[in-house]
Structures are given as structure tokens and as C-alpha cells.
Amino acid sequence: MRVALSWLREFVDLPESADELREILDDLGLVVEAIERVGEPLEEVVVARVDEIRSIPGADRIRLVVVDAGNGPLEIVCGATNFDVGDHVPLARVGAVLPGDVVIARRQMRGVTSNGMLCSSRELGLSDEHEGLMLLQGVENRLGEPLHEVLGIASDVIFDISIEGNRPDAWSVVGVARDLATRLNRTLRPARLATIQSSLPTATVAAAGIDDPHLCGRLTVSVVRGVSVGPSPAWVAQRLESAGLRPISNVVDASNLVMLELGQPTHPYDASRVAGRTLRARRARPDEQLVTLDGVTRQLARAGRGLGDTGVDCVIVDGEDTVLGLAGIMGGASSEITADTTEILLEAAYFDPMTIARSSKRHGLRTEASVRFERGVDPELAPRAVARIVSILSESCPNLEWLADPLDVRGIVPAPPTVELRGGDIERILGASLDRDEVTRLLEGLGFSVTAGSTSLFVIAPSARLDVRHGAAGRADVVEEIARLHGYRRLARRSPSWAEPGALSERTRLRRRVRDVAVDLGLYEVWTPTLVSDEEFDLVARGEQRVRVTNPLASGESTLRATLLTGVVRAWARNVERGLGDVVVGEIGTVFTHPATRGGRTTRGGVAGATTLTLPGEHERLTVVLGRPEDDATTAVAWWSVLAERLGLTDIVVRSRDDLEGGVHATRGAQLVDRETGAVLGQVGEVEVDLVTAVAPGMRERRLGLLDVDLDAVADSLRVRRRDTVAVVPSRFPSALLDLALVTPQSVHVQDLAAALRTSSPLVESVQVFDVFRSVSLPVGTRSVAYTIRLGSSDHTLSDEEIRAARESLLASAVSMGATLR
Amino acid sequence: MTTTPPFDDLAARARELLALIEATDSLDELRQSESALVGKRSPLAAWQKSLGSLDAAQRAAAGARLQEVRRQVETALAERRDVLERQAREERAAQDRLDLGDVVVRSVRTPLRAGHPGLVAVTQRELEDVFVAMGFTVAEGPEVETDWYNFEALNIPPAHPARGMWDTFYVGLGEPETVVLRTHTSPTQVHLMEDAVAHGTLPIHAVAPGRCYRRDTPDSRHLAVFHQIEGLVVDRDVTFADMAGVIETFTRAYFGPDITSRLRPAYFPFTEPSAEFEITCTICRGAGCRTCSSTGWIELGGCGMVDPAVFEAVGIDVERWQGFAFGFGIDRCAQMRFGIADMRALVENDVRFLEQFS
């Protein structure tokens, strides 16, 4: 909201500088987004008379103009043509500085010298007008006088203040002034209001009614006669312009000015165009429509998309029940004020904020009125606002007649809550106690009424403070006002402590470890988009149901990702394109599954959280693409082995499979399976070649190692076995090492065989594979697997006999798996 | 009606060509026969030429039949090529086959070169550590939320104008506009409180970092996808003064002893009293510069006392418990800490950028 300092000063004495006021406003929560200084005197810009216009040889766009600015002829080169000899125009002399830091200097053009510049209104920062020079009227005797004096321009400061959503009362000049007056302990002056001069009661010519008291809490209708529509007085136009509004006509301008000044939107109708001079507020019926002032045909009373939006529109209708306007949002064209209007019906009302909010959203129509009504306009403000409008209008309409006893119909208006501040409440919330008199002064300054009980203060909110609630919430609202006006920065700070210790979550610890290990091994961690295109989704999750965003920013960002892989491959490929591709990239992030498929999350939803909804499953994964020149599936397996070791996972088998999904190479991929639980913890291998081609077309074909770990599974103690928490002290007695090379069927997994060997004898301490090789000299469908087996006992040195027996057991268990000694 | 060969037995000739294609069993062979079948010296080309010798009436009919044959041959070639390519791919894959169970990890050779964590992760970790040291636990919440968690339980009922404070992405599940990508980490507050009530585990002293989404065109200071960290304290007698103290302690611990914080009134539907918190501008250290619009302060986040309406929504007794909450951007902290001019560098994933963080 743009508020001029001069306007504020009408209501409260403010000798402070603009910068001092900015500080105060900020501290009141009326945050100043920008300060604009207008009408600053322009040095060396004066009134000049055009005495002669000459063409310049060889130039057709510029002319030489001889002017007199009070001390003789001066030659100026000028490109404008909208003036004649004898006209008066602004002259910026050499040395003048125009808005935008344009410094005027003596210049040579086409062999002639320009001794300054003749200016348009825009060049002087006075308006947007740039069609030729600014022409000055009635200044014949003021040659050489400063322009701002001649025009009577006063300098002003405009604060652009952002008004918070819970401060409907502050959305006006008076509202801001009230906060300042209270903070600075100064008097707030009231606005000048008109009094009724006519004896004719309004009810004799007009009627008003409320059909739905829930939608319209108050409808006042005034009749104003003797209106002559024309331009507003200069001060009104200036005020509107300072606030960023365009002056239209005295009637509309007065309505707008009062909205800005007091916060009450009003609507003037041409009384002769309103059937029966009757205004009624009612609920729109289905199939009704309205052409609003912006020329758009609106279908009324249609249910909207928002949660619980049943399509309630409040409309204003005339005596024949014809819809005139969308109440509190925008009027219709049929009853608009025109140049011929002489009598107006002035509507000033209170509408239900929620109804206005929903209608405004549904119709995509935000207006100065709707944004105020949806936050809540003071229901008691209407009569004052009308009196103020009449007062302003009477300046331009000398025969103005305001009919007596304006119509005033009431519906349902929220009653101002009484909030009890018990002794200690303020301290309990703020952690600081405030002087009781000071609290009373601050609240009364804001219009609250305060009654002191023995220990409590009973506080009644003013009608403008629709944000103040009942009960405990109201207490918080009132305490906020006290703290705000007192000054947040003046309140105490304390370092709290509590008995409960701080701690990371299990998941945070796991994630940190995973990240640390991967980074130590060479991972560059990337952050890739959560929202992907349908095509990208299909690359890995073809056929799966998508979780879609209904209002994406771009069509390529419409689907929640089901994998990190495509994003990570793309991140890698981008770096390759930049010649930086000799790296491992990966991400730890969330992927989503459709609730209808698997892993949905059931949670509260619906209006008031009264129903249950199943939302997409959210799964955390680590996906790593190994893109260094020598990386391949084996590197990925090695990475996994380090990671598993660091996570304390004891028995995860790398099981090759040809039917892996999710972008894994068809014949170079494996699942990570916990042998005991059978749970799948992820996959390892290489990235499918087609996927790389699709993500990075034209990329030279190369092997990309892939490690994709399901962190939810890794974190789940039911799905994964971890190292025992009881530590084993190694035996003091020497252990024996045994190497076994076993011809093993391809179908028998190295780790399965190792597990069998481990349990074949109580003397086995550990089994390590150290070599796997294939050879034509071995039987078809087999390979040789060599293990180092450590045998030992906790209480003695093994005898040869024991070692021999253990070896027999090992071999027997190997044979039972189909393996034979080579 | 008579025509000259080959047009009298075109169908039979076509069958021969198709059989030839079918019999090809390598891609090389197929490439060779391609020119022989449809090239300049192919029978098809010869037949095309001989069309000229026919009279006009015959020419039209024969030409059409010839076109049909050419189409059949070309289709057959393409289909065969697909089959052979698939076979070749499968063969290559079979040759490529690697049983990963047989990988002997100790024999895998891999270069030794440390990598780099992402900037968000680095920042989040540091923030978590600061808060854990102050006695907070770390919690997390989901990214897809219902209207209840993201808005309504936070005292932002449907159609409330305050919803305009967040540009929301809606997820196409359930009734329209009832499931959202969370616009802030504040819904985690609701989860934390609901859980604590359900399990009788109040008080709460937690921070909740996480990813959020706003339907906002990215620029140098904002990304549509970003990270926040939320703080929530619910205890018997925590006050606004405690909140200001926590924010001040955090500010000094994270940004350094010469950076301080201050509060100014603000509005958030889920806190009352509410405040925006500002910290000394980290660029000019308070002297005033372009970044802070010469004020010496920059806005970091929002905070306030948990609104009684929120307590009511989650079933916490406002006469027995009180709380405060705060939230701010993790990415924004990173941006300030490292003086990153354009936030979009965070999603560019250029390794030269990443190499600066550890």
C-alpha cells in the first residue's frame, strides 16, 4: 500500500524524517518495502517562452528553438514539435539534474549549440506524459521562475508499506496513522466529515434490504442529489496518484479516496439506472450471470475447485431483482456512473470475508474492494465513510444534497470479543512483564476498550479488529498488539534449557554415514529435479501409474519422479559435455510411488482433517552413477561392499538377475539381497545403454557403473541384519589358514557357498573369497572359486587332526552344494 | 488384356523378394541386399523403368501395383532390420554378461579420489548440529501432504486469503486441490504434535529440515523447489523471550559472533504473536549495502508463539502447554554463507561448483 507522508500528517503530527519513520513503521510490523520521494524541487528547471523556431540545415528531426527565460534569448535544440512561438514550456538549464540523474550540459548538434533542454512532463518526473513538451498555461509573467514554485508542487515522501493479512484495520492511511500515533503517544486527528443538510428522509425515495444475513452483515444506502460529474479537485487527484490510482471523476475519486483513507470500499450507482432505487444483497442463484465492469460475463453460483467451495456468490440486485454487481468485488456496467449522472445511490456495506474470498478466487477477480472485504472491513465504518465521501464531493458539487436518515440494514456481524488478560498472562506469553498502565495506554490507542478487574484486564476489541478472536487465541492476538506497539526489540531475550537431550534421528545418522562413505569413495553429490516430464518418467518406470501435479509450472515438470537415476545420469552427462565427466555423481533423495500401486501412506485429509486419504509412498534412495573411465559393474559392487561394511550389514548377497527394472543393464545387474530376510536393499550393476542414449543423445557408448540403494530398507531392522552388538574378542591362540579352490556350478552363488562353508564346522572363524576364474579346462557350466578359510578356537591351538577334520567338513558341505575340490 | 513381364506375375516376383529378405540373417548381409533389392540396380528400379513401355491405361494400374510391392519390400526390410538388431543387441548383452556374484571385491581396482557433498547437505548438517547442541532433536516429514497438514491444522482454513502467501502445487489425487506438495516445512509441526499427543510424549523440542515446493518461477533468489528448516518447541512455560533467545543463539553459532538477530512484527496464521527475524547483513556486516538495501539487516525467516488454534487442532491443552516455532531457508543460509549470487547454481550440478564444498 502506497501512503504519502503528507496524508499521514493530516492525522498525526510527524516531524520525523522519512528514514526515521521507516524505522518506526518497520518496527510496528508495517514493513516499508520502498520509499519514493516525489515533487523534489528540480534545480535549474524554469519557465521559458518560445520566441522563435528555426530549422537546422541537414536535420529533419530536430529544430533550433530560441527561448527567453527572463534573461535574454537562449538557443536550444529540441526534437518535439507540439508547440508554437509564444508558448510557455519548462526549460532545464545547463547544470540541471533531471530524474534518473540526467545531467543537462551544453551540447553541440549539427553545428549548433544547445544551451539546455526543453522538457516533457515525463522527463521532469511529473507524469507519464511524453507526447511532446509540457505546455504551461497562465505563466506569462513568471519567466525564469522555478517550475515547482510555479506549479505549486509540494515535495512528498511515499512509503510503500506491506500490510500483513491480519491487519485489515491498517489497510488505510488512518490505520497507519493510528499505529504511529499510539507508538509515539500523539493525538490521532479525525477526518473531516459532512453532516446531513436535507430534511427529506432517504426511505421516501430509496429502499435497501438484506436477503441473506450471513453473506451481508450490513448494508447502508445513501442518496446524494445535485451531483455534477466532472474532474476532482487537484488535491484529490494528487492523493489518488500518490497512492497509484488514476483519477476518473469526482464521484469515483471520492469513493476511492475514502477507501484509501479510511479503509471502507463503497460503491456509487447512478440512481436513475437502478430500478426502484432499491439495493438488496442476496445470494446469487444458479444460472444467473453478470457482465462486470471489466466487460467479462460471469457465471454465478457455480461450485469452485477449492476445498468446500460450494459456489456461494453474494450479489447486489435492484428493485426488479436484476443483478447489478458482484457484492464487494466488482459492479456491473448497467448502473455505472456516467457524465450525465446527477443523483447517486451510495452503497457502503460489510460483507462476509470468507464469501468474498471464495468468490474472488473463483472468478479470478481481485480488486481493491475485494482484497479489503476478504480480510474484513470494519462493520461500523460505513456511515463515517459515506459522510467523508459527501464532504469531499461537496467541494466539486456546490448543490449537493445528502438525504436524511440513510438506509441502514443489518445482517449478521461478528460480535467484538471480550478478551480477559489474567494477571501474569502477558508475562507467561512474552517472558517479560509490562507496566499495566502502559498496556492500557497502548490498547486504548488502538481503539480497544480496557476495563481493569482485580487482577485481570478485560479488553474489548474495536469493531475494526476483526482479526481478534475469542478465548485463548484472542489472548494471543491482544498480547501481540501489546508487544508490537511496545516494540519487539525492547522485549527480553532468554536462553532456554530443558532436561531432554538433543539428538539426530536414526535416519539422519544413517543418511550422514551413507553420504560420508560415498563422498570418501569419490561421490559428487547432486540435486536433481523432483518434478520430471512424462517421457523421463517412462524411461525407467514405464507403465507405472504416475503421481501428477495438476498445475505444473512447465509441462516438462508435471510428474513426481519414481527414480533418481535419470536425473543423476543427466547431471553426469551435462558435466561430460563440459569436459568434466571423469567423476562419480549421485544423489540421496526421495522418490514417489502412486498410492494405488505400492507403499502408499495413509494420513488425515479432507475438511477439518476428518477423513482418511492414501497419499503417494515416499522412499529415500541413494543412486550413484560411476562415470570414471574404468568404472563398470565391478566398481559398483566394490562400492557397495565398502558401504555395506560401513553400515554394519553382515550378509547381503549380490544376486545377478536378468529381469531387473529401473534402468539396469540387462546382463550386468544384480540385486542386493539380505540372505536371511530375503529383503531387497537395492541394485547394483551398470546403467542400461538405452537409458543413457535417451537421456544424453549422441553420448559415446561407455560403461556406467550403477549403485542404487533403498535407504528405507537399509534402515529397517526387520528387513536387514546388522552386525551383532556384542563384540567378540579374537582368540589368543594361533589360527590356521586353509585355501580351498572349488569347482563350483555357475548356479551356486559364491556367497551362498561361503555361507555354507562358514557353518560347516564350529572351528571356522571366517571365509573369504580370493579368486574366481573360468576356464575351458573346467567342466561346462562351472567356475573355480577359491576361498581362504581361517580356523581357530578360543581356548587352544588346533591340532593337525582337528584341522584335517574341519577340512573334511568343509569339503563335505561344498559337495552338498555341488562343488568339488579342484 | 496382356501386359509385358514382369507385370503379369508381379505378385510372384514380390514373394521372391520378401523370401530373400526373410532369409537374411545378419545385419551386414541385410545392408548388402538392401541396394540389390530397392537400389538403382534392383529389379524394382528396372520394373519402374519398364513402366514407360506400357500404354497409359495399363501404366496407371501397373504403377500402383508396383508402388504396393515397393512398400511391402521396404516394410519387410525395416522389420527384418529390427529383428536382426535386436538379436545383435541380445548377443552382445549375452557376451557382455557378468555374474556380479563372482566379483572378487579385493581385486577390483579403483582410483582413489575424494568426492564432494552437495551444498544443501553440507548446510543442513551444520544447521542440524547447531540445533542438536542446543537440545533439539531432528525430525522429518513427508513432501506430499493433505490440505489438513499443509494448511488447515495450521489455522489456514480453505479459501483463507492467507493461502495467497504460498503458491501451491496441487497433486492430482483425491478431490481437486486437496493434496499438495508441501509449501513449507510447517506441516511437520502438526505431525510432531499429533504424534506427541497420541503417544503422550510432550514436550517437543525439535527441528525438521526438508524439501518444499512453491509454484514460483525460479530466479536468482528463489527456486521452485527449496529447503527449509523448521523449529518447534512445545513445553510448559516457554515464552517469546525464549524464542528470541534461541534465534539469537542460533544466529551467533551459525553465522559467527559478530552477526546478531532482531525481530519485527509479522503475520503467520499458525503463530501469534508472530515475528519476522532479521540478521545482521552478512555481506556488509551491518554497514549497509545493496544486498540489504542499506538497512544493515536481512530477512532470514519467520517465527512466533504457536497459535492456540493450532494447539486446538492437534488436541493440545493451551492452559497447560505453550510453544514457539520458527522456520527459514536452508538454501538461503547457504547462499548468504557462501555469497552465492545466483541460487540456480545449486541445481546446475556442475562439478566445479561442487568441488568447493566438503
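Residues numbered from 1 in each chain as written. Chains lettered and ligands numbered in written order. Predicted model: local features only at pLDDT ≥ 70, side-chain atom pairs only at ≥ 80, totals over all residues. Heavy atoms only, no water.

**As for the layout of surface pockets**
Over the atoms, a rolling probe the size of a water molecule traces out where space has been left empty. Residue and element names in this part refer to chain A. Our working definition: Put plainly, a pocket is an open set of points on a 1 Å grid over the protein atoms alone with protein on both sides within 12 Å along at least five of seven lines, a cavity is a set where a 1.4 Å probe fits but cannot get out, and a lining residue has an atom within 4 Å of a point. Grid points are joined across faces, edges and corners, and a volume is the space filled by probe spheres set on the points. By the criteria applied, helices consist of DSSP H or I runs no shorter than four residues and strands consist of E runs no shorter than two, each listed in order from the N terminus.
For the second largest pocket, the calculated volume is near 1,700 Å³. Within the residue set of the lining of the second largest pocket, elements represented by two or more residues are helix 16 (633–646), strand 35 (652–656), helix 19 (750–758) and strand 40 (764–773). Sorting elements by how many residues they give to the lining of the second largest pocket places strand 40 first, with six residues.

**Quick notes on the packing of helix 13 (residues 506–521) of chain A against helix 16 of chain A**
Residue and element names in this part refer to chain A. Keep this limit in mind: A fitted line through C-alpha atoms represents every axis, and for helices the fit uses only the stretch in contact; the resulting angles, taken between N-to-C directions, go from 0 to 180 degrees. The cut-offs work like this: below 35 degrees is roughly parallel, past 145 is roughly antiparallel, 65 to 115 is roughly perpendicular, and the gaps in between are oblique. Note: crossing handedness is left-handed where the near helix turns anticlockwise from the far helix by less than a right angle, and right-handed where it turns clockwise. The contact rule is simple, with two residues in contact once any of their heavy atoms fall within 4.5 Å. Basically, the charged four are Asp, Glu, Lys and Arg, the nonpolar ten are Ala, Val, Leu, Ile, Met, Phe, Trp, Tyr, Cys and Pro, and anything else, Gly included, counts as polar.
At a closest axis distance of 10 Å, the pairing of helix 13 and helix 16 adopts a crossing angle of 140 degrees. Considered as vectors, helix 13 and helix 16 are oriented oblique to each other. When the axes of helix 13 and helix 16 are compared, the crossing they make is right-handed. Residues Arg 513, Val 514, Val 517, Ala 518 and Leu 521 of helix 13 touch helix 16, and the partners they reach there are Trp 639, Val 642, Leu 643 and Arg 646. When its residues are assigned to classes, the contact of helix 13 with helix 16 shows seven nonpolar, no polar and two charged.

**Some remarks on the confidence of the model for chain B**
What counts, and what does not: As a per-residue quantity, pLDDT reports the predictor's confidence and falls between 0 and 100.
Per-chain confidence: chain B averages 90 in pLDDT, with 98% of residues scoring 70 or above. What the predictor reports for the complex is a pTM of 0.86 with an ipTM of 0.86.

**Section: the interface of chain B and chain A**
As a reminder of what qualifies: Once two parts are put together, the accessible area they lose, assessed with a 1.4 Å probe and summed over both, is termed the buried area. Note on definitions: salt bridges are taken to be side-chain nitrogens of Lys or Arg within 4 Å of carboxyl oxygens of Asp or Glu. Whenever a nitrogen or oxygen atom comes within 3.5 Å of another N or O atom, the pair is scored as a polar contact, on the condition that within protein one atom can donate a hydrogen and the other can accept it, and that pairs from neighbouring residues in sequence are kept only if both atoms are in side chains.
Contact with chain B, which involves 124 residues of that partner, is made by 128 residues of chain A. For the chain B and chain A pair, buried surface summed over both sides reaches about 10,200 Å², with 54% attributable to carbon and sulfur atoms. Summed over the shared surface of chain B and chain A, the result is 18 salt bridges. Linking B:Glu177 and A:Lys361 is a salt bridge whose minimum nitrogen-to-oxygen distance equals 3.2 Å. Inspection of the region where chain B meets chain A yields 63 residue pairs in polar contact (both at pLDDT 80 or more).

**Points about the side chain of A:Thr528**
This is how it is decided: Only protein chains enter the accessibility calculation, which uses a 1.4 Å probe. A residue is then buried if its area is under 20% of the maximum for its type, exposed if over 50%, and partly exposed in between.
Inspection of the secondary structure assignment puts A:Thr528 in the loop between strand 28 (523–525) and strand 29 (531–532). Under the relative-accessibility criterion, A:Thr528 is labelled buried at 3%. Those residues in contact with A:Thr528, other than ones at most four positions away along the chain, are A:Arg561, A:Gly567, A:Val568, A:Ala571, A:Glu587, B:Arg211 and B:Asn349.

**Observations concerning the sheet that holds strand 36 (residues 664–674) of chain A**
Residues and elements named next belong to chain A. Counted only if it meets this: When DSSP finds two or more bridges between a pair of strands, those strands are recorded as paired.
Taken together, the seven strands give an open sheet; going across it, the order is 28-31-34-38-37-36-35, and neighbouring strands pair in mixed fashion. If you trace the sheet from one side to the other, it starts and ends with strand 28 and strand 35, each paired once. Averaged over neighbouring strand pairs, the angle between their axes works out to 25 degrees when direction is ignored. Where strand 28 meets strand 31 (residues 584–593), three bridges bridge the pair, whose relative direction is parallel. Note on strand 31: the bridge partner recorded for Leu 523 is Val 584. The strands touched by helix 16 within the sheet are strand 28, strand 31, strand 34 (617–626), strand 35, strand 36, strand 37 (680–687) and strand 38 (705–710), with strand 38 carrying the most contacts at an inclination of about 35 degrees.

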